Structure formats: structure tokens, C-alpha cells
Amino acid sequence: MSATLDTHGHDDHDVHHHKETFVTKYIFSQDHKMIAKQYLITGTIMGVIGVLMSIMFRMQIAWPEKPNVLFEALLGKWAPDGVMDADIYLALVTIHGTIMVFFVLTAGLSGTFSNLLIPLQIGARDMASGFLNMISYWLFFVSSVIMVISLFVEAGPAAAGWTIYPPLSALPMAQGGSGMGMTLWLVSMAIFIASSLLGSLNYIVTIINLRTKGMSMTRLPLTIWAFFVTAILGVISFPVLLSAALLLIMDRSFGTSFFLSDIFIQGEVLHYQGGSPVLFEHLFWFLGHPEVYIVILPAMGLVSEIMATNSRKPIFGYRAMIMSILAIGFLSTIVWGHHMFISGMNPFLGSVFTFTTLLIAIPSAVKAFNWITTIWKGNLQLNPAMLFSIGFVSTFITGGLTGIILGDSALDINVHDTYFVVAHFHLVMGISALYGMFAGIYHWFPKMFGRMLNKNLGYLHFWVTAICAYGVFFPMHFIGMAGLPRRYYTNSNFPLFDDTANANVIITMFAIVGGLFQLVYLWNFFYSIFYGKKTTKNPWKSTTLEWTTEVKHIHGNWEGAIPHVHRWPYDYSNPFHDVDFIPQNVPMKEGEEELHH
Amino acid sequence: MTALLTIIIVLFVAVAIWQLIKIFDLAQVGKTTSLVADDRDNKINGYMMMVFLAFIYIVTILSFWYLGDLPLVSNAASEHGPELDNLMIISMLLIFIVQTVTQYLLHYYAFKYRGETGKKALFYADNNTLEFIWTIIPTIVLAALIIYGLFTWNDIMNINEDEDPMVIELYAKQFQWTARYGGEDNVLGKANVRLIDIDKANILGVAEDDPNAQDDVVVSELHLPVGQQVVFKMRSQDVLHSAYMPHFRAQMNCVPGMVTQFGFTPTITTEDMRNSPDMIDKVQNINQIRIEKSKALTAEGEQPLDPYEFDYLLLCNKICGKSHYNMQMKIIVETQEEFDAWMAEQKSFPDSLNK
């Protein structure tokens, strides 16, 4: 091994063996690979809770006010005689949304894969700060615990929707859940935001500073580009949510009037004067919109990588893909008002946001076309990860297209806050991003655990989930366009909507089957961690650096020197070579040129 | 006890599923299955891709067949409604074409290019012309769509005060709607929550000494004369609510501390809407469902459901607390004569107060 330019003093440690205790290895680890797994496990557990909640409230919608043993068993006092209480319905919907968007799709997706892949794919020993990384995870853990604890509060958990608009979320007398439940929600989220920010800072610093020799920005796998832009988005937008939360805490506990004014409730006028709920909406959505791109961008990065590997050809339009990630990242910060078209804000603003929202459709379309062209004339290895990646593109297209309807302010008038919106965001986040996460797990499971997930169970998981996903969310568009509002405990008070009842039953049935079927995946996941077939070093024959490390995890990732990079990550089926693929660390041949622009 | 039994049953079901999975897995032992996809896997899943494409198309067709008359894209009861419905239909058509074509390409390619030992992929890294084409075409199409949309938005949101719209306040609170007419002078009296006096029955907090308030009329059922432009001034007493009137293609949040507004001209009377063919079908369908449901109810000794007759509705469409799901007000659109007759029967604001 040649003497290498190791910028990190860290490297010298790795040849020695640290005396590791159980606690420093598995609990308070500073190793990015262990932290990735911690994020994944915690995210998975929160996901199970989120899915369980959704099954419950879907059952309530399908069979309203019918006594139900599941409710009785799980909801206790909130389901007297097995009939779900209206307040807890709203709480379930609220906590479901919060858990899924933040704890599963942000921490569980970004947290897992940014941690796992950044150092490995850029050729670094670990993150810039292993200590801060450990803190990020433990803050996430604490925020998860607090969120779960909030479920057991006497007056109920937060129940003002995951968007927690004041005054409903500010006034305990407006709703039971707006008491201690809301307080704990805010505390949990404040800690979550801290976790996220620390993580993002680590990712940005690591990507900028710790790339190995030869790993220029334009030789980075698309995963890294996605994680990089996601982290920057996080740093820009999460603090704004934190500020909204802090101002809300002040309105709730210190008598300020940032979001409140002219309120008469429970027989008396409250003292608040001069504030506006619309301000909260602006602050919330300034994060809220980038947040959904924070959810989808990493999934896009993972899918690009997986599709290239499994197509045995380069991702089509590598540079265009980078440009579109940058465009999506930038544009996502100027579209937030499309969540507020009928908030009462000046209609002119509505026009502005419609225009910017149109713009963001374009790089998204480019990416979709590029993925399709990637598989064109490929030699597709239809592994479960590849199926989920194809499913990602499919549902991203379907869900993204309805976004064009919603982004058009005039059209939003009649579908805002209806099931049309619910169908849209579930297709893009609940299905598409989730598929991206599954694809990542199936693909990088061998790297995380040294074993393979069962392939046949993976196929079963994909096809049943795909069928159920469509069965749940496709019909939902229709009942939304019929004017059926979201967040209704029951629709039976409106004979006008009686003809949507059947659709709701079908949706719920697909949801129950799909939700329960995830048990197959969970079994596969946990079983394979311990008893899965042991993997080889590079089971997918991929070009990126993480597959050059040994199967067994070591601190510092590479036994000896870190590999140097000589080429871009997509030399699959390169016509000037006999081999099927060329890893990034293989030097160029005499006279060989990089075969892309 | 029931709870305990339920948990035990759930556990048994979970164990059963676990066993089934284990059996399935053990049945794979002995077969030389590779850990990664082999030709056989690629073949099966490749074909499955086409099956799934068919599934997508079938679900789409079935949804249109069974649920296709649910969406509100025709028979709009306001002047701006048909323009909006047109925009919706065109937009939907557009995205459907894109959906059909792209899903086809994606799933067909996944099938056609399924991996086989011996085959080699094409090294095709980029093509700037293609990138340009599929950047510029979406841009042009979306731009056209959005420009059309913005014109429609402007038409709807810019209320031409010259046309002397009827001013009506929509007052939202947990969990009830109240409406207030400006009366003869068509000007609403000033109001604020600080003036609410429950004992006096001044539930909207209208300023009693305001001359404009003397002819105001407070009601709990909204009547509108057909063909007369109205502008709704929305207020909320406590939390965010949203005034959603789907048949008129109208919606606007009600924000405490702020007056928001939305205007439209109703064009179809309740009577005419009830007699329109689409509505007759819809109501018939709903009543059929209600009859079925009533059979089940009476069998359990419960009251049967009343038959449904169409009425325009104002619903709350922003989460506002426990009874958000039951916050509605009936809207009746009638001829000018009928409206005048109804208005003549209503008490003016001062007369409605408890002395």
C-alpha cells in the first residue's frame, strides 16, 4: 500500500483494535454504520406504530361508530364500548402524519442512508464528527420516546392535524389534545429538529471535506448529491419550523399573541390581540414544503444508484440528474404558498406560488424521463430492490401528476383539504418515498448486516404492497373530487356523501391487507439480520466504493489505505472494456478517457 | 376481558403468519436458489411487470366506471364554476395522457429488457438533445396550463365591486355557522368578538349602535337569490375554519382576527338543481344506499334513515376540533321573489336581541 494523504488523524487508530464494550459498540456508538442501523430500527418501530394508527382510523371511516374490538383493546378509555371517540380520531390522524413524515421518512430514510453511505461512498473513515453524529441519533431517540409518551396523556395527544395550525393548537380549551399533548409534541419536535440539524451539518461538512483522492464532485454517486442537497435544505428550513414552534410555545405559555387575535371561546374573550394564524402557516410551510423534498430527494438518489446497478448501464443523464437535484432543492424553497391558496392571504401571492410550483414540475419530469431511459436497453436484474425502484418511479409519476392539479390555485379551490390532497401526498410520500426506502434497505442490507434478505419474500412483499397501495390511493382521488373533506371523524352526517361510503370500505380493506402484509417484510428483516444467508463482498456487482470494504464492519471502513478514485460511478457495460462493470477505484487504462461529458 | 381475548387472537394470528412464512422459507431449502435475481426471477418478474401494468389500467377503468360520476366537474352552480370545471377537465386529460404513456413505457421496458445471462446492456450515458426536448415540452405545456389557470384564478378572486354584490357575513365558530345579511343598505354593521353578549343574544358581537347594523339580518340558514352576485365576508370566533361550498366551487378559510372574502354568482336554483338529470340520478343512488342501510338498522331495532333530498351545503373544511365533521349549514338558492318573501319574514338584528 502506498503512503496516502490521510487527512484524518483518526486513520491511525483503525489499525489498532479499540477495546469496545457492549455499550460503546451498540448503544453509544460513534461509528456511522452502527448509527445508520440505529436510525433504521427506531424508524421501523415508529413506522409500525404509524401504520397501526392508520389501520384504526381507516376502520373508523369505513365502519363509523360501529363497536370494534381492536379499538377497545388498543384505545382504552378513548373507545368506550368499542366506539372510537371523535377527539382521538383527530389525534390518531395527527400523530400518524407526524410520525410518518418526520420519524419514518426523514429520520428513517435520510438518517439511515446518509449515515451509512456518505463516508463509505466518498471514501472517508467516518463522518466529520462521530461524536455529534452519536448525539444526533440519541436526540432522535429521545424525541421518539417523547412523541410516544404523548399518546398516554390524560386529555389526549396533539390532535390539530400534523400541521398543528393555531389557534386550535394553541388553546387547550379548543381541544383536549391541545393541552399537555400539544406541549409534548412541541418538545419532541424541537428535539427532533436539533437532531436533524446536527445530522445535516455533519453530512455537509463530511461531503465537502472528506472525499478521498480523485473523488471530485462530478464523480460522486447520485446518492451523495441527493443527501448533500437534502442536508442543505434541512439546514435552511428546519430552523424556521423551530421558530414557529417556539413562537407557538410562547403564545401557549407566556401570553404572547404571535398567532392569535380576537378570540371568543367557552364564553369569554381571550386577551390575545394582533397576531395571525396565517403567519404560522407561512412559517410552518416554509419548512413544510422543503420537508417533502427532504423526504423524496434521498429516495431519488437511492433509486438512481439501484437502477444503474441493476440495469448494468449508467444512470442516463448523470449531469442532468445533478442539475435537477439542485433545481428541485432551490425551487422547493419558493413554493410553500401553494399549501395556502385559500388561507386568506392576498390572492396575488397565490398567482406567484402557482407560477413557481409550475417550475418545480420540470426538473421532476426530467428525472422521471431519465430513469425510464436508464432501464431502456438495459439488462435488468429484477432484484427486489430494483422492483421497488421501478415502483418508485411509477408512483412518483402518478402522485406527481396530481400535484400539477393541486399547484394550480384555481383548481385548488374545490379540492383543498379533501381526500384528493390525501391521495396525492400519500402516493408521493407514503408510497413512492417509502418504496425508495425499501429499495435502499433491500439493496444495502448486505452492507449493513453482512447477510442477504430473503429474495422470494422480497418479491412477495413488493407485489402485494404494490397492489394494495394502488387499491388504497387510486380510488381516493375520486371521492376527494366529490368534495369529501379530510379529517372527518365520520362522513355519515352528510347524506350527500353516502355514495362515497363503498369506496371508503374498499380503500380500508386494501389498507388493512397492505398494512398487515408488511409483517412479511418485518419478519424477513429481523430474521435475516441473524439468520440470513451470508453475503459476498459485492453481491450486486456495483461500482461504488462502499462495496470495496470488507463484509465485516471495522471502524475506519478500510483495513489499509482508503481507495483512490479514478472514474465516475457508472462504468457498467463500458464498451471499451471486457468486464461487465468497473469499480470507481480501478485506474484508467493507458489512453482511456472518461466516457461521458 | 374482550381486550385480553383480542390481544391473544392477534398474537395467534401473528404466530400463524410467522409459521407460514417459515414454512415457505424452509420449502425453498434444497432448491438451488441464488441470493440475487437469476434468469428465472427476471423472467417471472418481467412478466409480472406487464401484469401490473394491466392492473394499473384496470384499476383506472374500474375507478372511472364505479366512481366516475362522483367528481364535481360539471353542473357547477356558480358563474365561474363552468370555467373552473373546464380547466379541471383539461388538466385531468393532460395528466391522464402522460400517466398512460409513461406507465406503459416504464413497465414495458421493465419487461422487455428483463435480464438474461449472455445479454449485454447498452452503454448510453447521456443525450443533451433528449434532455432539451423533455425539458422544453413540459415547460411549454405547463406554462400554457398555468397561464389559463391564472386567468381563471384572477376571474374568480377579483371581485368587481361595481356590480354591487350582495354582502353576506359567514360567521364560523366551534361548531356552527351563522350568516348575517347587510340588509337594505347592503352594508354590514361593524362587529367584533369583544361585543359578544350571550345573555343579550348578540352572538356575533355586532355593534348595536352602528347605524349600518340596524337593518342587518342574522340567520342560520343561508338563502341566495339566483343570478345575484354575492360576496361573503368570513369571520371566525375561535379557531380556523373553512367555508367550503363545493357545488359553487367556492372555498375560503375563516381566520380569527381577520376578515377573509370570497365572491360568486349562484346560477342554478335549488329547485332546478334538484331537477337536473345528473342530480336526480345521484339522489336516487343515494336513497337506494340509505334504504339498504335502513334495513340493517331496523333489523337491529334502530331508527331507519330519512330519505335524502338535495340541498346546497356549506361545510367546514379546516380541522377545528371535535365536531369538525358535523359543522354544516344549508344553502337555498331561489328566485328573487322567493328570496324577498323569505327575507321579509326574518327579524332584523335589533329585533333579534333579548332586551
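Counting of residues starts from 1 at the beginning of each chain's written sequence and follows it residue by residue. To read the labels, note that chains go from A and ligands from 1, taken in the order they are written. Given that the model is predicted, a residue must reach a pLDDT of at least 70 before its local features are reported, and side-chain atom pairs must reach 80 or more before they are shown or counted; all residues, however, enter totals for whole chains, interfaces and linings.

What about the overall build of chain B?
The number of helices and strands found in chain B is eight helices and ten strands. The C-alpha extent of chain B, read off along each of the three principal axes, is 90 × 70 × 40 Å. Split into buried and exposed, the 355 residues of chain B put 35% on the buried side. A pair of residues counts as a contact when their C-beta atoms, built from backbone coordinates, are within 7 Å of each other. Within chain B, contacts between residues separated by at least 24 positions form 67% of all contacts whose residues are at least 6 apart in sequence. Each helix is a run of DSSP H or I of at least 4 residues and each strand a run of E of at least 2, with the numbering of both proceeding from the N terminus. Comment: burial labels come from other C-beta atoms within 10 Å of the residue's own C-beta, placed from the backbone, where a count of 20 or more is buried, 12 or fewer is exposed, and between is partly exposed.

Concerning the overall build of chain A
If you tally the helices and strands in chain A, you get 16 helices and two strands. A radius of gyration in this sense is built from C-alpha atoms; the matching globule rule multiplies 2.2 Å by the number of residues raised to 0.38. For a compact globule of 597 residues, the expected C-alpha radius of gyration is about 25 Å, and chain A comes in at 24 Å, within 12% of that figure. Dimensions of chain A, computed from the C-alpha atoms along their principal axes, are close to 85 × 50 × 50 Å. Considering chain A as a whole, with its 597 residues, one finds that 63% of them fall into the buried category.

With respect to the interface of chain B and chain A
Across the contact, 108 residues belong to chain B and 122 residues belong to chain A. Where the side of chain B that touches chain A is concerned, the elements lending two or more residues are α1 (2-27), α2 (39-67), α3 (81-112), α4 (128-157), β6 (241-245), β7 (250-254), α6 (277-299) and β9 (312-316) of chain B. In terms of residue count, α4(B) provides more of the side of chain B that touches chain A than any other element does, 14 residues in total. Taken together, the residues of the side of chain B that touches chain A sort by class into 62 nonpolar, 32 polar and 14 charged. Lys, Arg, Asp and Glu make up the charged group, whereas Ala, Val, Leu, Ile, Met, Phe, Trp, Tyr, Cys and Pro make up the nonpolar group; the residues left over, Gly among them, are polar.

Some thoughts on the environment of N186(B)
Summarising the element assignment, N186(B) is placed in the loop between β2 (176-181) and β3 (217-219). It is 80 Å that separates the C-alpha atoms of N186(B) and Q28(B), two residues lying 158 residues apart in sequence.

Looking at the pairing of strand β8 (residues 260-264) of chain B
All names here are of chain B. Burial analysis of β8 places four of its five residues in the buried class, the great majority of the element. Two strands make a pair as long as DSSP finds a minimum of two bridges between them. As judged from the five bridges shared by strand β5 (residues 230-236) and β8, these two strands associate in the antiparallel manner. For V230, the partnering residue across the bridge sits in β8 and is F264.

What to know about the sheet that holds strand β4 (residues 222-225) of chain B
All names here are of chain B. Within the open sheet, the five strands sit side by side as β4-β10-β9-β6-β7. Their pairing is mixed. Unpaired on one side and paired on the other, β4 and β7 mark the two borders of the sheet. Between one strand and the next, the sheet's axes are offset by a mean angle of 20 degrees, whatever the strand orientation. Bridge count between β4 and strand β10 (residues 328-334): four bridges; the pairing is parallel. What sits directly across from L224, in β10, is V333. For helices, the fitted line uses only the C-alpha atoms of the stretch in contact; every axis is such a line through C-alpha atoms, and the angle between N-to-C directions lies from 0 to 180 degrees. Across the sheet, helix α7 (residues 336-345) touches β4 and β10, and the angle it forms with β4 is around 140 degrees.

A short note on helix α10 (residues 318-331) of chain A
Residues spaced three or four apart along an α-helix face the same direction, because each turn holds 3.6 residues. Expected span of a helix: the number of residues minus one, times 1.5 Å. Compared with an ideal rise of 1.5 Å per residue, which puts 14 residues at 20 Å, α10(A) spans 20 Å between its outermost C-alpha atoms and is within 8% of the ideal. Within the span of α10(A), buried status applies to Y318(A), A320(A), M321(A), S324(A), I325(A), I328(A), G329(A) and L331(A). On its buried face, α10(A) sits against α8 (222-253), α9 (277-311) and α11 (347-375) of chain A together with α4 of chain B.

With respect to the sheet that holds β3(B)
Residues and elements named next belong to chain B. Taken together, five strands build an open sheet; the order of strands is β3-β2-β1-β5-β8 and the sheet is mixed. Pairing within the sheet leaves two strands with one partner each, and these edge strands are β3 and β8. In this sheet, adjacent strand axes meet at a mean angle of 25 degrees when their direction is disregarded. Summarising the sheet, strand β1 (residues 166-173) and β2 pair through six bridges and their orientation is antiparallel. Looking at β2, one finds that K173 is bridged to Q176.

Describing the confidence of the model for chain B
Residue and element names in this part refer to chain B. Per-residue confidence from the predictor is reported as pLDDT, which spans 0 to 100. Residues with a pLDDT of 70 or more make up 98% of chain B, whose mean pLDDT is 93. Of all helices and strands in chain B, the one with the weakest mean pLDDT is α1 (79), whereas β6 scores best (98). Interface confidence in the predicted complex, given as ipTM, is 0.94; pTM for the same model is 0.94.

Comments concerning the nonpolar core
As used throughout, a nonpolar core is a set of buried Ala, Val, Leu, Ile, Met, Phe, Trp, Tyr and Cys residues joined through C-beta atoms within 7 Å of each other. Within the largest apolar cluster, 280 residues are counted, with the highest numbers of intra-cluster contacts made by A433(A), A439(A), L170(B) and A243(B). In terms of residues, this core owes the most to one element, helix α5 (residues 86-122) of chain A, which gives 23 residues.

Brief notes about the confidence of the model for chain A
A residue-level look at chain A finds 96% of positions with pLDDT of 70 or above and a mean pLDDT of 94. In the model, residues 1-16 of chain A has pLDDT below 50 throughout and makes 17 contacts with residues more than four positions away in sequence or in other chains.

Quick look at the environment of T357(A)
All names here are of chain A. Among the secondary structure elements, T357 is positioned in helix α11. With 132 residues separating them along the chain, T357 and W225 place their C-alpha atoms 23 Å apart. Residue contacts for T357: discarding those within four places in its chain leaves V335, H338 and G407.

With respect to the packing of α9(A) against α11(A)
All names here are of chain A. Interaxial distance between α9 and α11 falls to 9 Å at its minimum, and their mutual angle equals 20 degrees. By the angle between their axes, α9 is roughly parallel relative to α11. Classified by chirality, the crossing of α11 by α9 is left-handed. Of the residues in α11, those touching α9 at M300, M307, A308 and S311 are K367, W371, T374 and I375. For the contact of α9 with α11, the per-class residue count stands at five nonpolar, two polar and one charged. Angles are sorted into four bins: roughly parallel if under 35 degrees, roughly antiparallel if over 145, roughly perpendicular if 65 to 115, and oblique for all others. The handedness criterion is simple: a crossing whose near helix is rotated anticlockwise from the far helix by less than a right angle is left-handed, and one whose near helix is rotated clockwise is right-handed.

Considerations on α5(A)
Residues and elements named next belong to chain A. In this model α5 runs 51 Å from its N-terminal to its C-terminal C-alpha over 37 residues, within 8% of the 54 Å that 1.5 Å per residue would give. Values of bend correspond, residue by residue, to the angle between axes fitted over the seven residues ending at that residue and the seven starting there. Along α5, the sharpest change in direction is near 30 degrees and occurs at A107. Of all 37 residues making up α5, 36 are buried, and the element is well covered by its neighbours. Within two residues after α5, G123 carries a phi angle of roughly 80 degrees, on the positive side.

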